[in-house]
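These are the residues of each chain, in order.
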Amino acid sequence: MHGIRRSWTVRTLVTQLLNTSLLVLLSSPLQAQTAREIIDRVDRLLRGESSRGRITMAITTEHWSRSLDMEVWSLGVEHSLVRVQSPAREAGTATLKAGQEVWNYLPRVDRTIKVPPSLMMGSWMGSHFTNDDLVKESRIVDDYDFEISFEGEREGVEVWEFQLTPRPEAPVVWGRIDEQVRKADLMPTWIRYYDEDGGLVRTMTFSGYRTMGDRLVPASMLVIPADKPEEHTVLTYHELDFDISLDESFFSLRNLRARR
Amino acid sequence: MAHERLWWWRVAWRNLWRNRLRTLITASGLAFGYLGAVLVVGVSDGMLVELIENGTRLMLGEVQVHSEDYLPERNMHLTIGGYEGTDLEIFISRITSQEDVSAAAPRVYGGGLLSSGEETQAALLMGVDPDREPRVTTLLSRLVSGRTLVAGANEILVGDEMAERLGAVLGDEIVVVSPSSDGSLGNDLFTLVGILDTGIPAIDQNYALLALPDLQFLMAMGPARIHEVVITVGNAKDSPRIAGALGEFLSDSELPVQVSSWTDLRPELAEMVSLMDASHFIIVIVIFGMAAFGVANTMLIGTFERRREFAVIRALGTAPIGIGRTVVYEGVILGVISLIAGALITWPILVWWHNSPIDLTTVISGFSVAGAQWRPVLRVEYSVQAPIVAALGLFLTSILAAMYPAWKATRVPPADALAD
Amino acid sequence: MRLTVLLKLAMRSVERNMRRSALTSLAMVLGLALLVFSRSLAEGAYDKMIDSGVRMGSGHIAIQAPEYLETGKLEHRLEAGVVRLASEVANDVLRESLLSWAPRLSVNGLASSTAAAVPVRIEGVDPELERAFSDIEDKLQDGRYLEAGDRLHAYIGTELAQRLDVQVGNRFVLTAQTSTGDVEGQLVRVAGIFQTGIPEVDQSLIHIPIDTAREWLHTPGATSTLAFLLNESELTDIGVKTLQLKLENEQQIRVLGWRESSPELAAAIRLDSTGNYIFHSILLAIITLAILNAVMISVLGRRREFGVLQAMGLTGVETGFYVFLEGLFLTVVSGVAGISAGLLFTWGFFRDGLDFSIFMEDGLEFGGQIMEPIIIPHFSVEQLLISTFVVVTIGMISSLYPALRASKLDVAEAMKFEQ
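Quick notes on the rules
- The written sequence of each chain sets the order in which its residues are numbered from 1.
- Chain letters start at A and ligand numbers start at 1, both assigned in the order the entries are written.
- It should be noted that, the model being predicted, local features are given only for residues of pLDDT at least 70 and side-chain atom pairs only at 80 or more, the latter also being counted only at that level, while totals for whole chains, interfaces and linings use all residues.
- No hydrogens and no water enter the side-chain calculation; it runs on all heavy atoms of the structure.
- For the purposes of this entry, the term helix denotes a DSSP run of H or I that reaches at least four residues, the term strand denotes a run of E that reaches at least two, and both are numbered from the N terminus.
- Burial classes: relative accessible area under 20% of the type maximum marks a residue as buried, over 50% as exposed, and values in between as partly exposed (1.4 Å probe, protein chains only).
- In what follows, a contact means two residues having at least one pair of non-hydrogen atoms within 4.5 Å.
- Each patch is built from residues lacking any salt bridge and having more than 30% relative accessible area; the joining distance is 9 Å for like charges and 5 Å for nonpolar side chains (Val, Leu, Ile, Met, Phe, Trp, Tyr).
- Reported accessibility uses the Shrake-Rupley method at a 1.4 Å probe radius. Residues are deemed covered only where the shown protein chains occlude them.
- Any carboxyl oxygen of Asp or Glu within 4 Å of a side-chain nitrogen of Lys or Arg constitutes a salt bridge here.
- Working convention for charge: Lys and Arg count positive, Asp and Glu count negative, and His plus the chain ends are omitted.
- Just so you know, the charge point we use is NZ for Lys, CZ for Arg, CG for Asp and CD for Glu.
- Buried area: the accessible area, evaluated with a 1.4 Å probe, that two parts lose upon being put together, summed over both parts.
- Side-chain atoms alone can form a polar contact between residues adjacent in sequence; in general such a contact is a pair of N or O atoms within 3.5 Å, and within protein one must be able to donate a hydrogen while the other accepts it.
- Polar here means any residue other than Ala, Val, Leu, Ile, Met, Phe, Trp, Tyr, Cys and Pro, which are nonpolar, and Asp, Glu, Lys and Arg, which are charged; Gly is therefore polar.
- A helix's residues, less one, multiplied by 1.5 Å, set its expected span.
- The arc under discussion is defined with respect to the helix axis, by the directions toward the C-beta atoms.
- To obtain an axis, a line is fitted to C-alpha atoms, over the contacting stretch when the element is a helix, and the angle between two such axes runs from 0 to 180 degrees between their N-to-C directions.
- When describing relative orientation, an angle under 35 degrees is termed roughly parallel and one over 145 degrees roughly antiparallel, while 65 to 115 degrees is termed roughly perpendicular and anything else oblique.
- Within 6.5 Å between ring centres, the rings of Phe, Tyr and Trp (the latter by its six-membered ring) count as paired, and their orientation is classed by plane angle as stacked under 30 degrees, edge-to-face over 60, tilted in between.
- The nonpolar core is taken to be a set of buried Ala, Val, Leu, Ile, Met, Phe, Trp, Tyr and Cys residues, with the residues joined through side-chain atoms within 4.5 Å.
- Here a strand pair is declared whenever DSSP counts at least two bridges between the two strands.
- Confidence per residue, as judged by the predictor, is encoded in pLDDT with a range of 0 to 100.

A. Representation of the overall build of chain A within the structure. Helix and strand counts for chain A come out as five helices and 13 strands. The buried share of chain A, reckoned over its 260 residues, is 45%. Contacts spanning at least 24 positions in sequence make up 45% of the contacts within chain A whose residues lie at least 6 apart.

Next up, the structure:
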C-alpha cells in the first residue's frame, strides 16, 4: 500500500513536471528523448501500473454486429481480467491472464478452461484488435526506430507525426507505423499500420478526450481494417481509474468466476 | 456350294478331334491365358477401387456439394443458401433423386476448443446426421469404444489421440467452445460417448464429431444452415463425370453451389491412384502379351509339326487354299471352344472373388496411404472391356499364328515336305 | 547309360531342328525376359517410393530422443553434447554407405502476418545438408531455398503464403514456446515458396536455418532428429542394429529405422508388394503354360523319331533321358538367352528410367507432384537368380512328361506313324 501510494505521488509529480517542461519545449524542436517518451506514452496510454475500467466494445463485421459491455482490470502487462457484463446472455464470461497463462470462464456452463498461449487466435474477443494490441508485453519503443515525419498544423491543430520503422530483427509484423500526436496535450489522434510494401492494413482513430482517473485519455478508439472498410470495432471507456490498489492476488481463478 | 463349305468345317472339326491331346493342350493354353489376362485386370481394378474407396468412404465421400464461395477458406458464414440456408430435406432428396447417387448426408463445420479438466485442445468440430452419415461414410463405425451419437443429447465423439491428450474417458464431460455465427463465443457441455480410431492421425488428433443439430445450436445457426453435403456414388472411378452432372442439375441462381469430386478435393490421392493405374497397366500389357505369345507359340509349333500331314493332303490333290481354309476353320473352332471354356472357368472365379474378397488383415495390418486408410483386402472388380479385349485378342492371335506356318507349308512342294 | 552319346544326340537334335527348338525355347526366353523386366521395374518402383518417402521424412535411419516420435515436442530433443556423440558414432559406423545426413530442430508454433495467424510446424535445418538430403528444393515455386549463412529466412508452402498473404521478401513473425517455457517471437522473411501438392505440408511446414531456430528457442547445439540417408535401403536394418549396439549406454538416444519412423511408408510398400505378388504369380502361371504347351506339342510329333531311336538300340529309359537332356539343354540356353534379353532390353531402353506420365490420365495435372513418375529399374542379383531358377525349373519339369512318354513308347507301334 505504502509503496503504491508513493509511486503514485512520484508519478503525479513526474507527470506535472513533464507537462510543464513540455510547455517550455513546445516552441523548441522536439528532443529525441522526449519524442521517445511521447511514443512510449501513447503505447502505454491505457496500461498503467494498474487500472480498472468499464468499456463498451461495438464490433461490426461482414456477417454480424454486436456490442459488449465489459469491466477490465490490469496490473502491469502480466496480469489482466476482463469480465463481460452485457448482453445478459454473455454476462459473467471472463478472461484471466496471469503471466503466461490464460483462462476463460464460461458462465453458461459454469466452467473454466485453460487456454494455452499457442491457441490464442489473432483477434481479441472477435474484434479487430489483436491480442498483441492489448496484452503484448514488449514495448513499441524497443521494437521500432522513429522519426518525426511532420510537425505543424493539421486542420487547425498543432501536431507531430511520427513514422516508426521496425528495428532490424524485431519480431513484429508491421512494416511501418505512422502516428499523429497533438502537441497541446500529447494525445494521439490516429495510428496507421502498414505492411512492408507500404500498403495500409488498418487505422486506429482516437477521440472523446477527457480526464479519467486523473489522466487525459481518449475515451474512444476505433479500428478499421483497410481491406474491409465496412467493418470496424469501437472501444469506448465509460470509467477508467489508474493506480488503484490492486495486487497479484486479485488475478485469481476465484475472481475469474465471480459474477460481479 | 453350301454343302461344300460345311464340309470344310467338318474336316476342321474332325482334325481337331483326331489329335485330341494336341487340341487339348492348345485349348487349355488359350483358356487359361484368357483367365490370367482377365484376372489380372480384375485384381488391378480391385486394388484401385479399394484404394479410392478407402480414401473416400471414411470421411471424404466421392462427391461434395458446397456453397459456391465456401472453398477453400471454409468461412463458417458461407452456408449453402447463404444466411437463410435451404430446406434440408428438399435439398437432400433432390440430390438423391439422381440415379448415380447412392446416398447423401449433410454436415456443418466449426473450429474451436475442447476442454476436459485441466487440458484444452484445439479441435475441428464436425456436425453429422447420425442417420444419414453411415449411409455415406464409415466414420461413425470406426469406434474403438463407446457408441455412436444420438441427436439432441449434446453428445460428442473424439479420436483416440485427442482423447489421450485431453485425458478424457467415456462418460466424461467435455466443454466445447466455438465462435458462433453471431460473433459470440458459443459454449456448451457435451458428454463423450464414443472414441474413434480411424487410423488417420489427422482425424484422430484433431476432429470432434457432434450431432448436426447440436452443433448448429452451439454455433447459433438454424436447422436450414449447413456447410456441406457429402455424397457417395455407385462407381467411384466415375466421380468426376457424376459431379459435373450433379452440378448442372443443381444449378440455380437462387442457390449457387459448387459440386466437387474427390479428384478435385484430394489431388494427391488422385495422383496416387493414377500412378497405381499406370503401373498396373504395364503389368497388364506384359501379361496379355505373354498370354498371346503363349497361344501364338503353341499354334505355330502345332502347325509346323503338321507339315507332313499338309504335304500328304496336297499330294492327294487339295488346293493350297484348302489347307489354309482348314487351318483357319480349325483355329476358329478351337478359339471358340477355348474361349467358352475360358469364360466358363473365369466367370465363377471372378464372381466368387468379387463377393468374398480376401482379407489380408491378419497378414498385413491396416495403415494409411496419402491419408487413406487402407484395409488390406484383395478384391476383384468387374470390367466390361477386359473380357472382350482378351477374348478378341487371343482369338485373333490363335488364328493368325496358325495361318502363317500353314501358308508357308503350302508353298513347299509336297514331295520335299514328304521327303523330310 | 551312355551319357555322352545321349548328350551328343540331344544337342544335335536341337541343332537339326532349329525351328522347332527355337519356337520351344522362345516361350522360355520371352517369359524370362518379361519377368526380369517387370521385376526390375517393380523393385525400382519400391526404391523410388522408399527414397522419396525417407527424404521427406527422417531418412533411412533416424536418431532422436526416446519420446520424440510420439510427442513431437521441443522438450524431447537431443542436447548439443549428445548430438555430437551421436553424429560421430553414426558417421563412423555408416561410413561409405552414408549418402547424406541432416540435423533438424522442430517445434510447433504460430505464424503471424498483418493478415492472419496460422498454426505451423517449424523445422530448423542446415541449408547445405538439407538440400542434399531432401528434395524439398525441387518443389520450389518462387524465390529460392535457404542457403548457408541465411539467418532470418523462411521457406514456406504455397497455401501458407496465401493464408498469410505474403510473398517472397515479405516479413512475418513466428511465435512458439521456447525451452524456457516463455512464448517468444522471431522475425523471418520469406526466402522461397514451395508446393508439394500435399495440403498438410503446403499449409503448415516452414524451414528456417537451424542456428536461427536454436537461438530463438534457447537450445544451443540441440536437434530433434538426426536423419541419415543410405546408399541402399536394404542396409537400413543392419545399420540400425549396429548403431543401437554402439549407443546402447546412452539413455537419451533412440535409433530408428525408416519402417518405425515412417510406418505409413512401410505400409504403403507392403500394400504394393502384395498386389505385385499376385501379378507375378499370374505371370509365372502364364509362362508355365506357354512352356508346357510348347514342349508338349513339340514332343507329340516325334513318336516315329523315338521309335527309330529305340529300334537302333536305345533303351526306353535312355530315350526318356534323351528327351529330358534335350529339354535341359534347351532350358539352359533359353535361360541364359532370356536373362540377357531381359537385361539388355530393360537396361538398354530404360536405364535412365521409365517415364510413367505417358500412362497417366490427362486432366490430372496439378502443380507439385508427390513423386516424379520416373522409375529406374533395379537389378537385384537375388531377383535374377530366383527368376532364372524358377523358369529353368519349369522348363525341366515340362520335359519330364514327354520324357516319360518317350520312354514308354512301344517301338513297333511307333514305327507305324509317319512322324
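B. Quick look at a negative patch on the surface. A cluster of acidic residues, E62(A), D227(A), E230(A) and D165(C), forms a negative patch at the surface. By the element assignment, D165(C) lies in the loop between α6 (158-164) and β6 (171-177).

C. A look at the interface of chain B and chain A. At the junction of the two partners, chain B supplies 22 residues and chain A supplies 16 residues. Both faces considered, chain B and chain A share a buried interface measuring about 1,700 Å² in area, 57% of it formed by carbon and sulfur atoms. Counting the contacts that link chain B with chain A gives three salt bridges. For D182(B), the salt bridge identified is with R89(A), shortest N-O distance 3.3 Å. Where chain B packs against chain A, one counts seven residue pairs in polar contact (both at pLDDT 80 or more). Contributions of two or more residues to the side of chain B that touches chain A are made by β2 (101-116), β3 (119-128), β6 (173-179) and β7 (185-196) of chain B. Here the side of chain B that touches chain A is composed, by residue class, of nine nonpolar, nine polar and four charged.

D. Here's a closer look at helix α4 (residues 80-94) of chain C. Residues and elements named next belong to chain C. With 15 residues, α4 should cover 21 Å at 1.5 Å per step; its first-to-last C-alpha distance of 21 Å lies within 8% of that length. Considered for burial, the residues of α4 that qualify are V82, V83, A86, S87, V89, A90, V93 and L94. Along the long axis of α4, the arc covered by the buried residues comes to 165°, so they all point the same way. The exposed residues of α4 that point more than 90 degrees off its buried face are R84 and E88. Looking at the buried positions of α4, the neighbouring elements they touch are β1 (61-64), β2 (98-112), β9 (225-230) and α9 (236-246). Downstream of α4 by one or two residues, R95 has phi in the positive range, about 40°.

E. Fine view of the packing of helix α10 (residues 267-304) of chain B against helix α2 (residues 18-56) of chain C. Interaxial distance between α10(B) and α2(C) falls to 10 Å at its minimum, and their mutual angle equals 175°. What the angle tells us is that α10(B) and α2(C) run roughly antiparallel. Of the residues in α2(C), those in contact with I282(B), I283(B), V286(B), M290(B), F293(B), N297(B), L300(B), I301(B) and F304(B) of α10(B) are R19(C), L23(C), T24(C), L26(C), A27(C), L30(C), G31(C), L34(C), F37(C), S38(C) and L41(C). Along the lines of polarity and charge, the residues of the contact of α10(B) with α2(C) split into 15 nonpolar, four polar and one charged.

F. Quick peek at the packing of aromatic side chains. As enumerated under the stated definition, the model contains 10 aromatic pairs over all chains in all. Judged by centre distance (5.2 Å) and plane angle (90°), the rings of F250(A) and F251(A) are edge-to-face. Assessed through its relative accessible area of 21%, F250(A) is described here as partly exposed. For the ring pair Y155(C) and F194(C), a centre distance of 5.1 Å and an interplane angle of 40° mean the geometry is tilted.

G. Geometry of the pattern of salt bridges. Residues and elements named next belong to chain A. Enumeration according to the criterion identifies 38 salt bridges over all chains in this entry. E101 is the partner of K114 in a salt bridge, and the nearest nitrogen-oxygen pair spans 3.3 Å. Taken as a pair, K114 in strand β6 (residues 111-115) and E101 in strand β5 (residues 101-106) lie far apart in primary sequence, 13 residues in all. Residue class for E101 comes out partly exposed when judged on its relative accessible area of 34%. Residues E161 and R154 are paired through a salt bridge, measuring 2.5 Å at the closest nitrogen-oxygen approach. The exposure class assigned to E161 is buried, which follows from its relative accessible area of 9%. For R154, a relative accessible area of 36% puts it in the partly exposed group. The network of salt bridges with shared partners includes R52, R54, E71 and E239.

H. Broad picture of helix α8 (residues 239-250) of chain B. The end-to-end C-alpha distance of α8(B) is 16 Å, a good match for the 16 Å that 12 residues give at a rise of 1.5 Å each. On the buried face of α8(B), the contacting elements are β1 (63-67), α3 (88-96), β9 (228-233), β10 (257-261) and α9 (262-265) of chain B.

I. How the structure looks around the packing of helix α1 (residues 3-16) of chain C against α2(C). Residue and element names in this part refer to chain C. Packing of α1 against α2 brings their axes to within 5 Å, and their N-to-C directions diverge by 95°. Taken as axis vectors, α1 and α2 run roughly perpendicular relative to one another. For the pair α1 and α2, contact is made by S13, V14, E15 and R16 and by M18, R20 and S21, respectively.

J. Just the nonpolar core, in detail. With 83 residues, the main nonpolar core has Y34(B), V40(B), W262(B), I287(B), M290(B), L283(C) and I291(C) as its most contacted residues. Among residues more than four places away in sequence, those in contact with L283(C) are V286(B), I287(B), M290(B), L35(C) and S38(C).

K. Focus on the pairing of β3(B). Residue and element names in this part refer to chain B. Among the 10 residues in β3, seven count as buried, and that is most of the element. Taken together, the 10 bridges between β2 and β3 define a ladder with antiparallel strand orientation. Pairing of G111 across the sheet is with L124, part of β3. As consecutive antiparallel partners, β2 and β3 are separated by two residues, and within that stretch G117 has a phi angle of approximately 60°, a positive value.

L. Inspection of the environment of V201(A) at higher detail. Tracing the chain through its elements places V201(A) in strand β11 (residues 200-212). Separated by 23 residues in sequence, V201(A) and I224(A) have C-alpha atoms that sit 8.7 Å apart.

M. Local environment of the confidence of the model for chain C. Residue and element names in this part refer to chain C. Mean pLDDT over chain C works out to 82, with 92% of the residues at or above the 70 mark. Across residues 362-369 the pLDDT falls below 50, and counting only partners more than four positions away or on other chains, this stretch makes 12 contacts in the model. Predicted as a complex, the structure gets a pTM of 0.78 and an ipTM equal to 0.79.

N. View of the confidence of the model for chain A. Residue and element names in this part refer to chain A. Scored by pLDDT, chain A has a mean of 82; 82% of the residues are at 70 or more. Element-level mean pLDDT values for chain A span from 40 in helix α1 (residues 2-25) up to 94 in strand β10 (residues 188-194). Within the model, pLDDT remains below 50 along residues 1-28, and this stretch shows 14 contacts once partners closer than five positions in the same chain are excluded.

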